[in-house]
Amino acid sequence: MSARVFEDPEEMSSGVVMGKRIVGRPRLVGVGQSRAETSRGGLHCCCCTCCTCVGLQFLRTLEGKLKLSEVVLAAVCQSLVLNYGMTHSQTLGPSYDGFLTTVSSCLLTASILLVCYLLSDRSIGLLRTSLFETLFNAVAALLYFSSSSYLSYAVNIFLRPLYVVTPFFQVYPAMTAAYILGLLLGVVHGYDAYLAYRQFRGYG
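Residues numbered from 1 in each chain as written. Predicted model: local features only at pLDDT ≥ 70, side-chain atom pairs only at ≥ 80, totals over all residues. Heavy atoms only, no water.

Draft legend 1. Here's a closer look at the overall build of the protein chain. In terms of regular secondary structure, the protein chain is built from eight helices and four strands. A buried classification covers 35% of the 204 residues belonging to the protein chain. Intrachain contacts of the protein chain at a sequence separation of at least 6 include 66% that bridge at least 24 residues. For the protein chain, the exposed area adds up to about 13,000 Å²; of that, 64% sits on carbon and sulfur atoms. (Helix = DSSP H or I, 4+ residues; strand = E, 2+ residues; numbered from the N terminus. Buried < 20%, exposed > 50% of the residue type's maximum accessible area, 1.4 Å probe, protein only. Contact = heavy atoms within 4.5 Å. Areas by Shrake-Rupley, 256 points an atom, 1.4 Å probe, with all protein chains shown as cover.)

Structure representation (structure tokens):
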């Protein structure tokens, strides 16, 4: 069996020459890093990056936006309740205490989860796919719906008459905004519970 030497580089690189298969020259394939591998967390400023331990890319995801919304809206609710409703807490009765307890507990838990997701990439995979996220968001949604409904009843029964006869009575608009935001938080937590359940079941 005779060997044939090819002088033409194109002839050498071809796989088939005159009906005979030959082995062409090896090719060098460069493997580059994907965008997910090259992206870094932290705060980007001009040409430098600081606080690389903070994974801000989580806030760009749908779960991150929902968790940030839960924290921000709950903080606004708590501020409204404490600044405007404290003086009329006796008038509102248990509805005020129940709503404040719901907002404070859900705000604390959601803030802890958000900090864990920002500081640890492993927490995203461990906590989001666990049953805890599903149960927490489902319970938070139920608590927000029930406490906001109760507060809306008390606000319209006890504070609305005062708003009609008292000039510049700011408690009624503030507490109205509080229970509306509470209902919105119930929707956000309910949708977050749905997404967490899909991830728990392996659908997401």
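Draft legend 2. Fine view of the packing of helix 3 (residues 62–84) against helix 7 (residues 131–165). One way to put it is that helix 3 packs onto helix 7 with a least axis distance of 14 Å and a crossing angle of 35 degrees. Of the two possible hands of crossing, helix 3 and helix 7 adopt the one that is left-handed. Residues Lys67, Glu70 and Ala74 of helix 3 lie in contact with helix 7, whose contacting residues are Glu133, Phe136, Asn137 and Tyr144. Grouping the amino acids of the contact of helix 3 with helix 7 by side-chain chemistry returns three nonpolar, one polar and three charged. (Axes fitted to C-alpha atoms, helices over the stretch in contact; angles between N-to-C directions. Left-handed = near helix turned anticlockwise from the far one by under 90°. Nonpolar A, V, L, I, M, F, W, Y, C, P; charged D, E, K, R; others polar.)

Draft legend 3. How the structure looks around the packing of aromatic side chains. This model, assessed by the stated rule, comprises four aromatic pairs. Ring centres 5.1 Å apart and planes at 55 degrees place the aromatic pair Phe58 and Tyr117 in the tilted group. Separated by 59 residues along the polypeptide, Phe58 in the loop between strand 4 (48–50) and helix 3 and Tyr117 in helix 5 (residues 94–119) bring together distant segments of the chain. Phe58 gets classed as buried once you look at its relative accessible area, which sits at 6%. What makes Tyr117 buried here is its relative accessible area of 0%. Both rings, one in Phe132 and one in Phe136, keep their centres 6.2 Å apart while their planes meet at 10 degrees; by these two values the pair is stacked. With Phe132 and Phe136 both in helix 7 and four residues apart, the pair spans about one turn of that helix. Assessed through its relative accessible area of 42%, Phe132 is described here as partly exposed. Judged by its relative accessible area of 11%, Phe136 is buried. (Phe/Tyr/Trp six-rings, centres within 6.5 Å; stacked < 30°, edge-to-face > 60°.)

Draft legend 4. Highlighting the environment of Gly64. Along the chain, the position of Gly64 falls in helix 3. Distance from Gly64 to Leu114, taken between C-alpha atoms, is 7.8 Å for residues 50 residues apart in sequence. With residues near it in sequence (within four places) discarded, Gly64 still touches Phe58 and Leu59.

Draft legend 5. Up close: the nonpolar core. In terms of nonpolar packing, the biggest core is built from 35 residues, with Val81, Leu92, Phe99, Leu151, Val155, Leu159 and Met175 touching the most fellow members. When contributions to this core are tallied by element, the ones reaching two or more residues are helix 3, helix 5, helix 7 and helix 8 (171–201). For this core, the element with the most residues is helix 5, which contributes 11 residues. What Leu159 contacts, discounting residues up to four positions off in sequence, is His88, Leu92, Ala154, Phe169, Val171, Tyr172 and Met175. (Core = buried A, V, L, I, M, F, W, Y, C linked by side-chain atoms within 4.5 Å.)

Draft legend 6. Looking closely at unusual backbone geometry. The backbone of Phe168 shows a phi angle near 55 degrees, a positive value even though the residue is not glycine. Relative to the helices and strands, Phe168 is located in the loop between helix 7 and helix 8. The exposure class of Phe168 is exposed, given its relative accessible area of 81%.

Draft legend 7. Up close: the side chain of Glu63. Take Glu63: it is sitting in helix 3. What Glu63 contacts, discounting residues up to four positions off in sequence, is Phe58, Arg128 and Gln199.

The values are spatial; any link to function lies outside them.
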